[in-house]
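In case you want the letters, here they are:
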Amino acid sequence: MKKILIFLIPIIFLFQSAYADVSIENDQYYIDDDKLLHVVGEIVNYTDKPINQIQILATIFSNDNTKIATIESGIPSHTIMPGMKAGFDILFPKNDSKLVNYYELDFNYKIATGKNQVIEITSSEISRDSLDNLAIIGTVTNQGEITANMINVVATLYDRDGNVVTVSKTQTQPDFLKPGDENFFLVPVFDKKQAVDIVDYTLSAESDEYTVVPEFPLGSSVLLAISVSSYIVITRNPKLILNGMEKMENTKRRIFNSIN
């Protein structure tokens, strides 16, 4: 699929059907705190087979349709199972974002061998500390029969319109999880300007051996209905969430010590 999004002028979408069963959705661009351009979105796998080796080709253009830059990038998730999706965040460094008028996205992938979906996200919550740092904390459990290694947790965060705001990734420590064991994770959201628009998120995780049954904390089917109330919870009720990243780290240490 190829999608063109015009911004700074009325928005126009152009679709091609080359990848009718795999598509890019909910994408948009933003300028981060360092004045760098990001293109974010998610790849959705509508096929009946897992896909991997996913590469996204992003090209930005100026007002006179001159190509400014092209970047090819992978995505944080290695495998996307049938019916699942994965977020991406493509950074364009050292470019004047004011010159950008629109971008084009294309991608390629390969059919993969499926992974067992036995890593379970057993809890999660979004938290903001007194310094306005935002993070998602939670736990994952290995429901499989062998040790899971190199476990990555990926958070895709959305605005009230369902568009991707940003994507963040973390690796659990320690980087292995024995069968039946539980481990803590903390996924930080680094860009404070983007964090203001976040009202919902999804989580996925995978190891070298396994992939996860994804967690949709608010439910994508009711995203728009709940977005206003969740925005209030996240941004205007700090007493309901953790007070400080220090407390998150202390919780992480306690959980780690209890399972070792």
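Numbering of residues starts from 1 in each chain and follows the order in which that chain's sequence is written. Reporting in this predicted model follows two pLDDT cut-offs: at least 70 for local features of residues, and 80 or more for side-chain atom pairs to be given and counted; totals over whole chains, interfaces and linings ignore these cut-offs and use all residues. As a rule here, side-chain values cover all heavy atoms of the structure and leave hydrogens and water aside.

Draft legend 1. The arrangement of the sheet that holds strand E3 (residues 37–45) in detail. Strand pairing is assigned whenever DSSP identifies at least 2 bridges connecting the two strands. Each helix is a run of DSSP H or I of at least 4 residues and each strand a run of E of at least 2, with the numbering of both proceeding from the N terminus. Spatially, the three strands line up as an open sheet ordered E2-E3-E7, and their pairing is antiparallel. On the outer flanks of this sheet lie strand E2 (22–31) and strand E7 (85–92), each paired with one strand and no other. Strand-to-strand twist across the sheet, computed as the mean angle between neighbouring axes with direction ignored, equals 20°. Two strands pair when backbone bridges link them, and E2 and E3 are joined in this way by eight bridges, in the antiparallel orientation. In this analysis an axis means a line fitted to C-alpha atoms, helices contributing only their contacting stretch, and an angle means the value between N-to-C directions, from 0 to 180 degrees.

Draft legend 2. Just the side chain of Asp159, in detail. Here Asp159 is to be found in the loop between strand E12 (152–158) and strand E13 (164–171). Only protein chains enter the calculation, and the probe is 1.4 Å; a residue is then buried if its accessible area is under 20% of its type maximum, exposed if over 50%, and partly exposed in between. Residues scored as positive are Lys and Arg, those scored as negative are Asp and Glu, and His as well as the terminal groups of each chain are ignored. Salt bridges are identified by distance alone: a Lys or Arg side-chain nitrogen within 4 Å of an Asp or Glu carboxyl oxygen. For the buried Asp159, no salt bridge is present, and the opposite-charge side chain at shortest range is Arg160, 7.3 Å distant. Here a polar contact means two N or O atoms within 3.5 Å. Within protein one must be a hydrogen donor candidate and the other an acceptor candidate, and residues neighboring in sequence count only if both atoms are side-chain atoms. Side chain to side chain, Asp159 and Gln28 meet in a polar contact 3.5 Å long. In this structure the side chain of Asp159 is engaged in a polar contact, spanning 2.9 Å, whose partner is the backbone nitrogen of Asp161.

Draft legend 3. Looking closely at the packing of aromatic side chains. When two rings of Phe, Tyr or Trp (its six-membered ring) have centres within 6.5 Å they constitute a pair, described as stacked for plane angles under 30 degrees, edge-to-face for angles over 60, and tilted for the intermediate range. Tallying each qualifying case throughout the model produces two aromatic pairs. A centroid spacing of 4.7 Å and a plane angle of 10° characterise the contact between Phe61 and Tyr102, whose relative ring orientation is stacked. In this pair, Phe61 is assigned in strand E4 (residues 51–62) and Tyr102 in strand E8 (residues 100–111), connecting sequence segments 41 residues apart. We note that Phe61, like Tyr102, is buried.

Draft legend 4. Just the side chain of Gln194, in detail. Positionally, Gln194 belongs in helix H1 (residues 192–195). Should any heavy atoms of two residues lie within 4.5 Å, those residues are counted as being in contact. Discounting residues that sit within four places of it in the chain, Gln194 has contacts with Tyr30 and Val165.

Draft legend 5. Representation of the environment of Ser73 within the structure. In this fold, Ser73 is placed in strand E5 (residues 67–73). If near-sequence neighbours (up to four positions away) are discounted, Ser73 is found in contact with Ile54, Gln55, Ile56 and Ile90.

Draft legend 6. Representation of the environment of Asn183. Inspection of the secondary structure assignment puts Asn183 in strand E15 (residues 182–189). Considered as a pair, Asn183 and Ile151 are 32 residues apart in the sequence and their alpha carbons are 9.9 Å apart. Side-chain polar atoms of Asn183 contact the backbone oxygen of Pro174, separated by 3.2 Å.

Draft legend 7. How the structure looks around unusual backbone geometry. A cis amide bond links Gln173 with the next residue in sequence, Pro174, at an omega value of 0°. Its place among the elements puts Pro174 in the loop between E13 and strand E14 (176–177). A positive phi angle is found at Asn26, which is not glycine, with a value near 55°. With respect to the element layout, Asn26 can be found in strand E2. Backbone geometry at Gln53 places phi at a positive 50°, although glycine is not the residue there. Inspection of the secondary structure assignment puts Gln53 in strand E4.

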